[in-house]
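In case you want the letters, here they are:
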Amino acid sequence: MFSSLKNSATFKQYQLQAQQLLQRGLDQHIKLAVTGLSRSGKTAFITALVHHLTEQATKQNLPFFSVIQSERLIAAKTVPQSELDITTFPYRDGINSLKQGLWPSSTERINTLRIAIKYRPASGLRAQISETQTLLIDLIDYPGEWLMDLPMLELNFASWSWQQLELLNQSPRLQHAEAFLNHIAAIDWQGPVDEQQLTELATEYQGLLRKFKDELKLSVLQPGRMLMPGDLAGAPILAFFPLPEVTQAEEGSMYHHVKTRYQAYVKEVVQGFYQQHFSQFDRQIVLVDLLDALAQGHDVFNEQTQAINQLIRHFSYGKSNFIKRLFQPKIDKLLFAATKSDHLSAHHHKDLTLLLDSIISTAKNDLIFDGVKIDTMAMSSVSATTPVMVEQKGEKLSCIRGKEIASNQLMTYLPAQPPMRPLTVQEWPQHGFQFPAFYPDVGSNNGIRHIRLDHVMEFLLGDKLK
Ligand SMILES: Nc1nc2c(ncn2[C@@H]2O[C@H](COP(=O)(O)OP(=O)(O)OP(=O)(O)O)[C@@H](O)[C@H]2O)c(=O)[nH]1
Ligand SMILES: [Mg+2]
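Residues numbered from 1 in each chain as written. Chains lettered and ligands numbered in written order. Predicted model: local features only at pLDDT ≥ 70, side-chain atom pairs only at ≥ 80, totals over all residues. Heavy atoms only, no water.

Going by an unreviewed UniProt entry, the protein carries the name Nucleoside triphosphate hydrolase and comes from Pseudoalteromonas ulvae.

Engineer: Residues and numbers for the coordination of the magnesium ion (ligand 2), please.
Structural biologist: Protein coordination at the magnesium ion (ligand 2) comes from Thr43 (OG1) and Thr107 (OG1), with a distance range of 2.0 to 2.1 Å. Note that threonine 43 is positioned in helix α3 (residues 42-54) and threonine 107 in the loop between α5 (91-99) and β4 (111-119), a separation of 64 residues in sequence. Both residues of the pair, threonine 43 and threonine 107, count as buried. (Donors = N, O, S within 2.8 Å, 3.2 Å for Na, K, Ca; no water. Helix = DSSP H or I, 4+ residues; strand = E, 2+ residues; numbered from the N terminus. Buried < 20%, exposed > 50% of the residue type's maximum accessible area, 1.4 Å probe, protein only.)

Engineer: How would you sum up the domain arrangement of the protein? Please name residues and give values.
Structural biologist: One can read the domain layout of the protein as domain 1 (15-148 + 277-384 + 444-465) and domain 2 (156-274). Once you take the C-alpha centre of each, domain 1 and domain 2 turn out to be 33 Å apart. Across the boundary between the two partners, domain 1 contributes 23 residues, which contact 19 residues of domain 2. Summed over both partners, the interface of domain 1 with domain 2 buries about 1,900 Å², with 57% contributed by carbon and sulfur atoms. The salt bridge involving lysine 213 is made with glutamate 145; its shortest N-O contact spans 3.0 Å. One can count eleven residue pairs in polar contact (both at pLDDT 80 or more) joining domain 1 with domain 2. For the side of domain 1 that touches domain 2, the secondary structure elements donating two or more residues are α7 (144-147) and α13 (298-312). A total of five residues in the side of domain 1 that touches domain 2 trace back to one element, the largest contributor, which is α13. (Domains from an automatic or database assignment. Contact = heavy atoms within 4.5 Å. Buried area = accessible area lost by both parts, 1.4 Å probe. Salt bridge = Lys/Arg side-chain N within 4 Å of Asp/Glu carboxyl O. Polar contact = N/O pair within 3.5 Å; in protein donor to acceptor, adjacent residues only side chain to side chain.)

Engineer: Before we move on, could you go through the packing of aromatic side chains and cite the residues and values that matter?
Structural biologist: Summed over the entire model, instances satisfying the criterion amount to 22 aromatic pairs. Aromatic side chains phenylalanine 301 and tryptophan 428 sit 6.2 Å apart centroid to centroid with 55° between the ring planes, which places their arrangement in the tilted category. Note that phenylalanine 301 is positioned in helix α13 and tryptophan 428 in the loop between β11 (409-413) and α17 (453-461), a separation of 127 residues in sequence. Across the pair, exposure class does not vary: phenylalanine 301 and tryptophan 428 are buried alike. Among the aromatic residues, those joined into a ring-pair cluster are Tyr142, Trp146, Phe273, Tyr274, Phe278, Phe281 and Phe315. Lysine 31 extends its terminal NZ or CZ atom over the ring of phenylalanine 281, reaching a point 5.4 Å from the ring centre. The residue whose ring lies beneath lysine 333 is phenylalanine 459, and the NZ or CZ to ring-centre distance is 4.6 Å. (Phe/Tyr/Trp six-rings, centres within 6.5 Å; stacked < 30°, edge-to-face > 60°. Lys NZ or Arg CZ within 6 Å of the ring centre and 35° of its normal.)

Right, here's the structure in full:
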């Protein structure tokens, strides 16, 4: 009887869970949240993190990562993940792309990866238990578009519609949205359901979201799965859009029908995603591409600031004790990282850090109050440029050189200096900011270069590897 129980799938499941709890209790298992809007660099970051831990873990390459500096790292490798129902992060595809001088493709579905770091504990309880220890790190990657749905969790259909219609009625969206706004204004939403009309309007709204993303580079684009549907492509649950409020919407009316789809989307899609994947994080890195937002102008920069501050509210932060860590982990260390700093000269990294710091200052203050350790830094997961000094009219200029995507040629640029704080419309430079994009450069010896990835690792993982 006992032996059959011992061999049963349920017993094995309990055994696995008990092991995981023990590892969590001993701090040997952490779940790292890699958070960032679409194109902020999540996939490049995870690929680089795994690569540097598993293939380039040397003192020269990661001098500020103490487990390597003190020669206590034995080895790191990717190991089978615990969540069996989601795709494995395509690390090999990513690294092969980078080695061929191409960026990994945009993420279309959720995927996960587990890394095991085997090391020699320096001292304390862990060193007494065993000569070697293993830290497991769970990461998930997902389309950035899905993240922007989290604020919908707090909104009913009427308030969500109100917010979205406000946005649609303002610059820069209004000039594109006029036709759609006229179409929804001309319909009797208390009338009976016309599926054909709803499908056409949903397609029109989807077209608008695409335009806002591709042309205007905006960040608040809901529902996110209209842009990146994953397995939901073509499903009616995605066919909704904001509507002017109707006070008495009978069951069977157009309004009621759209509202029901919104509610189902929030409950089944957004809440499901959030509960399954976004609870239980121990550490977090928020990646922010400030340079692209600066290049897009004042409106886009402001919207990005708001989006990031809205997102942070959806994670749970605070210090957790031994028992809480087992069952209810909370994020106790949070890193804000301004990505793609290889687009700047090294002496402007500080400006970028200050700019990021100033856009998150209120949230940061509250979190520090709650005991969360926070840092802000400018980094680059994969350096696409090399610094070069150029002499012009007797003056030495710190430039960057790389294979520019727009011209497909090796180019040398004197990068713009980013502002140290958000600028008002009046202060915004007349010709804006320009930061050309480059293909990744793997270097002559096939090594992948980074900027401050070792500082990132030390901040997020260093104390767990003591
Ligand atoms: N120069 C430079 N460019 C980067 C770096 N990281 C990302 N990029 C650029 O940013 C683009 C987006 O990076 P991804 O890692 O795919 O971004 P993501 O957050 O995973 O995006 P989604 O999957 O669409 O949510 C890349 O294709 C590169 O062009 C970096 O460290 N340096
Ligand atoms: Mg991605």
